[in-house]
Amino acid sequence: MTSTSTITEKPKRLLSLDVFRGITIAMMILVNDPGDWGHIYAPLEHSKWNGCTPTDLVFPFFLFMVGVSVIYAMESKKATVSHRKLILKALRRTVILLLIPWITQLIFHPDGGLAHLRLPGVLPRIALVYFISTVLYLKTSQKTRDWIFAIALIGYFIIMTFVPVPGVGYANLEPETNMGAWIDRLVFTPDHLWRESHTWDPEGLLGTIPAVATALLGIRVGSWLKRKDRDDQVKTNWMFTYGIIAVMAGLFWDLFFPINKALWTSSFVLYTGGLATIALALSYWLIDIQGYKRFTYPFVVFGTNAITAYVLSGFIPHYMGMIKIGGHSIYQTFFAPYFSPVNASLVSAIFTVLILWVVMWIFYIKKIFIKI
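Anyway, here's the lowdown on the structure attached to this text. (Residues numbered from 1 in each chain as written. Predicted model: local features only at pLDDT ≥ 70, side-chain atom pairs only at ≥ 80, totals over all residues. Heavy atoms only, no water.)

Once that is clear, we can look at the environment of Leu270. By secondary structure assignment, the location of Leu270 is in helix H9 (residues 266–289). Judged by its relative accessible area of 12%, Leu270 falls in the buried class. C-alpha of Leu270 to C-alpha of Gly291: the two residues are 21 residues apart in sequence and 30 Å apart in space. Setting aside chain neighbours within four positions, we find Leu270 in contact with Phe149, Leu153, Ala246, Val247, Ala249, Gly250 and Trp253. (Helix = DSSP H or I, 4+ residues; strand = E, 2+ residues; numbered from the N terminus. Buried < 20%, exposed > 50% of the residue type's maximum accessible area, 1.4 Å probe, protein only. Contact = heavy atoms within 4.5 Å.)

A side chain with one charge can pair with a side chain of the opposite charge if their charged atoms come near. Enumeration over the complete set of coordinates arrives at seven salt bridges. Put simply, Lys48 and Glu45 hold a salt bridge, and the shortest N to O gap is 4.0 Å. A salt bridge links Glu75 to Lys226; the nearest nitrogen and oxygen atoms lie 3.4 Å apart. In this pair, Glu75 is assigned in helix H2 (residues 58–78) and Lys226 in helix H7 (residues 208–226), connecting sequence segments 151 residues apart. (Salt bridge = Lys/Arg side-chain N within 4 Å of Asp/Glu carboxyl O.)

So, about a positive patch on the surface. Residues Lys77, Lys85, Lys89 and Arg92 make up a contiguous surface patch of positive charge. At three residues, the largest contribution of residues to the positive patch is made by helix H3 (residues 83–108). The residue Lys85 is located in helix H3 in this model. The class of Lys85 is exposed, set by a relative accessible area of 58%. (Patch = residues over 30% accessible without salt bridge, like charges linked within 9 Å, V, L, I, M, F, W, Y side chains within 5 Å. Areas by Shrake-Rupley, 256 points an atom, 1.4 Å probe, with all protein chains shown as cover. Lys, Arg positive; Asp, Glu negative; His and termini not counted. Charge placed at Lys NZ, Arg CZ, Asp CG, Glu CD.)

All right, on to the layout of surface pockets then. For the largest pocket, the calculated volume is near 2,000 Å³. Along its surface, the largest pocket is lined by 45 residues, and Asn32, Trp37, Arg118, Val122 and Trp194 are the ones closest to its centre. Sorting the residues of the lining of the largest pocket by element identifies helix H1 (15–32), H2, H3, helix H4 (122–139) and helix H11 (306–320) as the ones contributing at least two each. It is H11 that provides the largest number of residues to the lining of the largest pocket, a total of seven residues. (1 Å grid on protein atoms, 1.4 Å probe; cavity = no way out; pocket = protein on both sides within 12 Å on 5 of 7 lines; lining within 4 Å. Points joined across faces, edges and corners; volume = space filled by probe spheres on them.)

Before going further, it helps to spend a moment on the packing of H1 against H9. Running from N to C, H1 and H9 point in directions that differ by 130 degrees, and their axes come no closer than 8 Å. When the interaxial angle is binned, H1 and H9 end up oblique. The way H1 lies across H9 gives a crossing that is right-handed. Every residue of H9 that contacts H1 at Leu15, Ser16, Leu17, Val19 and Phe20 is listed here: Ala276, Ala279, Leu280, Ser283, Tyr284, Ile287 and Asp288. Counted by class, the contact of H1 with H9 contains nine nonpolar, two polar and one charged residues. (Axes fitted to C-alpha atoms, helices over the stretch in contact; angles between N-to-C directions. Parallel < 35°, antiparallel > 145°, perpendicular 65-115°, else oblique. Left-handed = near helix turned anticlockwise from the far one by under 90°. Nonpolar A, V, L, I, M, F, W, Y, C, P; charged D, E, K, R; others polar.)

Here it is as C-alpha cells:
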C-alpha cells in the first residue's frame, strides 16, 4: 500500500460517486459496529434469510460502485496502456485485498491460527469481483458483457434451483444444504468458513458469480454516465428508468427465486442493482447537475478513502473496546447508563462512525489517499 502527499492530474472525479460511496461506507461501519449485538433496530440488521433490509443494500451498493469506478479509472487508459500491465496491476490489488482480512484475523484471533482462518469474506469478495470485472471490461465489448450478465444470472438460477446437491439429492435454497454451501465445504473445508456456522458462508465461492453481475451492472451504468453524446438530463432520466425496470424485474423474479443477500440470488442482483442505479441517478442529479454540494463534504471524506476506512473499521473499534474506565468499557460507561438498550447500541455505533470519520478527515486534509 502506498500513500501520496500530492494529488496528481487524473480524469475528473465524479463527485456524486464519491458521495454515494462515502454514504455507503458510513452505513457499512454503522451496521457492523453496534454497541450491543443483542439490541439493534430492525433496519440495521440483515434479513434472517429471504428478504432485504436497508442493511442488506450496503454490500451490493458497494460492488455496484466498484463497477462504476472501473469505468472512471480505466476508460482513458484502456486504449493507451498495455492491457497486460493494467491486469497485473489489478491482480496486485486483488492479492492485497485478499491478504488484509486474513492477516487481520491472525492478529485478532491468533488462537485459531491458519487452521481456522476464514478464507471467504467481504474483502475477498470485493477483491475477486474487482479483478474479474476489470478483466471483462478490458477484454470484452459492452454487448459481450451484457450477455455475460444475463448468462450469469440465469445460469446461477439454474444451478441453485435445478441441479441436485450431492449428498442431499435435490436442489434447495436452505442455508446448509444449498449448492453454494456444498461447494464451500468442498473447496474451503468447514474450518475455513464463517465462524458463526462452519457449514456455509454468506460470501461463498459460488455467490461470486452473481456478485460479478452486480459489478457488471455498475460498469453498464458507468459507461452510460461517461457518454458525451447525451446531455445530463437525458442520462439521469434513463438511469431512473433502467433502475425502476431492474427493481420490478427483481421483485418478479423474487416470486420463484427469492431475494436473498446470503445467497446473492439473481433477483437480489436486479433488485439491489436497480435501487443502486436510482440512488446514483438521484445523487448525480442533485450534486453534479443541480449543484447541491454543501452537504457533500463529510461523505467525500469517507468516499475518497473508502477501502482504508473499511479496513480501519475493523481495527479502531476493536482497540476502543479494550479501553477501560473504572473497570468498564466505553460503551458501559458513556452509553448504556443513559439510553435504552437499543438506543445505547445505536448511539455507540454512531460514535464509532464519527471517530473513524475524524481519522479519515485527517487523512483527507493532509491529502493522504491510500491506494492499493
